[in-house]
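# A look at the structure
Residue strings, one per chain:
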Amino acid sequence: MASDLTPELLEIGRALAAERGARLEWQEADAEALPYADGEFDRVLSCVGVMFAPRHRAAADELVRVCRPGGTIGLVNWTPEGFIGQLFATMKPYAPPPPPLWGDEEHVRALLGDRVTDLVLRRAVVTVDRFAAPEDFRDYFKAHYGPTIAVYRANAADPERVAALDGDLADLARRHTEAGVMRWEYLLVTARRRG
């Protein structure tokens, strides 16, 4: 079972899964109110998804609720200090996107609390070499990354702010690119639901 709140992302996921031969059932779902039974899944995973739910406690409650006792919860979340965290900090003056708090170890510990055991929190880095120039990064995120799209929409009526945001995002990418490579830090979370 795979789910997302955004129908467009479901279509992209279906296409990628089919291309790779993965058989998944896809369903539109809100991370704060999952349409699944208590303990329905042996494993509950989120890869840079649940971190965007506005009500963190409600989303964490749902992750735990739909995982069977003894089942595994796994999360990959951008860290506030890493590149994507810095992307959000760069966009903040233009519109307040949510910071990646799910990438903060203490925040995750507090959200999951004593409902889980064997909690492991490990920072790691994904290497990104997709963008030939900082402007390529900016243009890609401007067209394909939901939080960035939302910030551009919020400023669309002000060409000067859009131009400033264009410059700030290209500068961010320039500062974080070395020999054509960017390193984006994330927090890998694994835990077992307490029985």
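Please read all numbers here as calculations on a predicted model, not as lab measurements.

With that out of the way, let us pick up the side chain of threonine 79. Within the secondary structure, threonine 79 sits in the loop between β4 (67-78) and α3 (83-91). Within the local environment of threonine 79, its side chain forms a polar contact with the backbone nitrogen of glycine 82, the two atoms lying 3.0 Å apart.

Over its 17 residues, helix α7 (residues 159-175) extends 24 Å from the first C-alpha to the last, a length consistent with the 24 Å expected when each residue adds 1.5 Å. Those residues of α7 that sit buried are Val162, Leu165, Asp166, Leu169, Ala170, Leu172 and Ala173. Across the axial projection of α7, the buried residues extend over an arc of 155°, all falling on one side. Turned more than 90 degrees from where α7 packs its buried face, Glu160 and Arg175 sit exposed. Those residues of α7 that are buried lie in contact with α3, α5 (134-144), α6 (146-154), β6 (177-178) and β7 (181-193).

Moving on: the nonpolar core. Formed by 49 residues in total, the largest nonpolar core has its most connected members in Ile84, Leu87, Trp102, Phe137, Phe141, Met182 and Trp184. Broken down by element, this core gets its largest block of residues, six residues, from β7. The residues touching phenylalanine 137, leaving out its near neighbours within four places in the chain, are Phe83, Leu87, Phe131, Leu169, Ala173, Met182 and Trp184.

This structure, assessed with the given rule, holds 16 salt bridges. Of the charged contacts in the structure, one is a salt bridge between arginine 14 and glutamate 11, with a shortest N-O distance of 2.6 Å. In this pair, arginine 14 and glutamate 11 are both assigned in helix α1 (residues 7-20), three residues apart and thus about one turn of the helix distant. The residue glutamate 62 makes a salt bridge to arginine 65 at a minimum N-O spacing of 2.8 Å. Of this pair, glutamate 62 and arginine 65 both sit in helix α2 (residues 56-66), separated by three residues, roughly a single helical turn. With a relative accessible area of 21%, arginine 65 lands in the partly exposed category. Through salt bridges with shared partners, a single ionic network connects Glu81, Glu105, Arg123 and Glu185.

Relative to β4, strand β3 (residues 41-47) is paired through six bridges, and the arrangement is parallel. Its bridge partner being in β4, valine 44 is matched across the sheet by isoleucine 73. With α2 bridging β3 and its parallel neighbour β4, the resulting β-α-β unit is right-handed.

We now examine unusual backbone geometry. Notably, aspartate 118 is not glycine yet its phi reads approximately 50°, a positive angle. Along the chain, aspartate 118 falls in strand β5 (residues 116-128). The backbone phi angle of alanine 179 is positive, close to 55°, even though this residue is not glycine. Position of alanine 179 among the secondary structure elements: in the loop between β6 and β7.

Along the chain, the position of glutamate 106 falls in helix α4 (residues 105-112). In this structure, the C-alpha to C-alpha distance between glutamate 106 and leucine 121, residues 15 residues apart in sequence, is 9.7 Å.

Counted according to the given criterion, the structure contains 14 aromatic pairs. Consider the rings of phenylalanine 83 and tryptophan 184, whose centres lie 5.3 Å apart with planes at 15°: the pair is stacked. Residue phenylalanine 83 is located in helix α3, and its partner tryptophan 184 is located in strand β7; the two are separated by 101 residues in the primary sequence. Of the two residues, phenylalanine 83 and tryptophan 184, neither departs from the other in class, the shared state being buried. Note on phenylalanine 141 and tryptophan 184: the rings are 5.7 Å apart at their centroids and 85° apart in plane angle, and the pair reads as edge-to-face. With phenylalanine 141 in helix α5 and tryptophan 184 in strand β7, this residue pair connects regions lying 43 residues apart in the sequence. Each of the two residues, phenylalanine 141 as well as tryptophan 184, counts as buried. The rings of Phe52, Trp78, Phe83, Phe88, Phe131, Phe137, Tyr140, Phe141, Tyr145 and Trp184 are connected pair by pair, giving a single aromatic cluster. Stacked on the ring of tyrosine 140, the Lys or Arg arginine 130 has its end atom at 4.3 Å from the ring centre.

The rules behind the values
- Residues numbered from 1 in each chain as written.
- Predicted model: local features only at pLDDT ≥ 70, side-chain atom pairs only at ≥ 80, totals over all residues.
- Heavy atoms only, no water.
- Helix = DSSP H or I, 4+ residues; strand = E, 2+ residues; numbered from the N terminus.
- Polar contact = N/O pair within 3.5 Å; in protein donor to acceptor, adjacent residues only side chain to side chain.
- Expected span 1.5 Å × (residues − 1).
- Buried < 20%, exposed > 50% of the residue type's maximum accessible area, 1.4 Å probe, protein only.
- Arc of directions from axis to C-beta.
- Contact = heavy atoms within 4.5 Å.
- Core = buried A, V, L, I, M, F, W, Y, C linked by side-chain atoms within 4.5 Å.
- Salt bridge = Lys/Arg side-chain N within 4 Å of Asp/Glu carboxyl O.
- Pairing = 2+ DSSP bridges.
- Right-handed = clockwise from strand over helix to strand, strands pointing away.
- Phe/Tyr/Trp six-rings, centres within 6.5 Å; stacked < 30°, edge-to-face > 60°.
- Lys NZ or Arg CZ within 6 Å of the ring centre and 35° of its normal.

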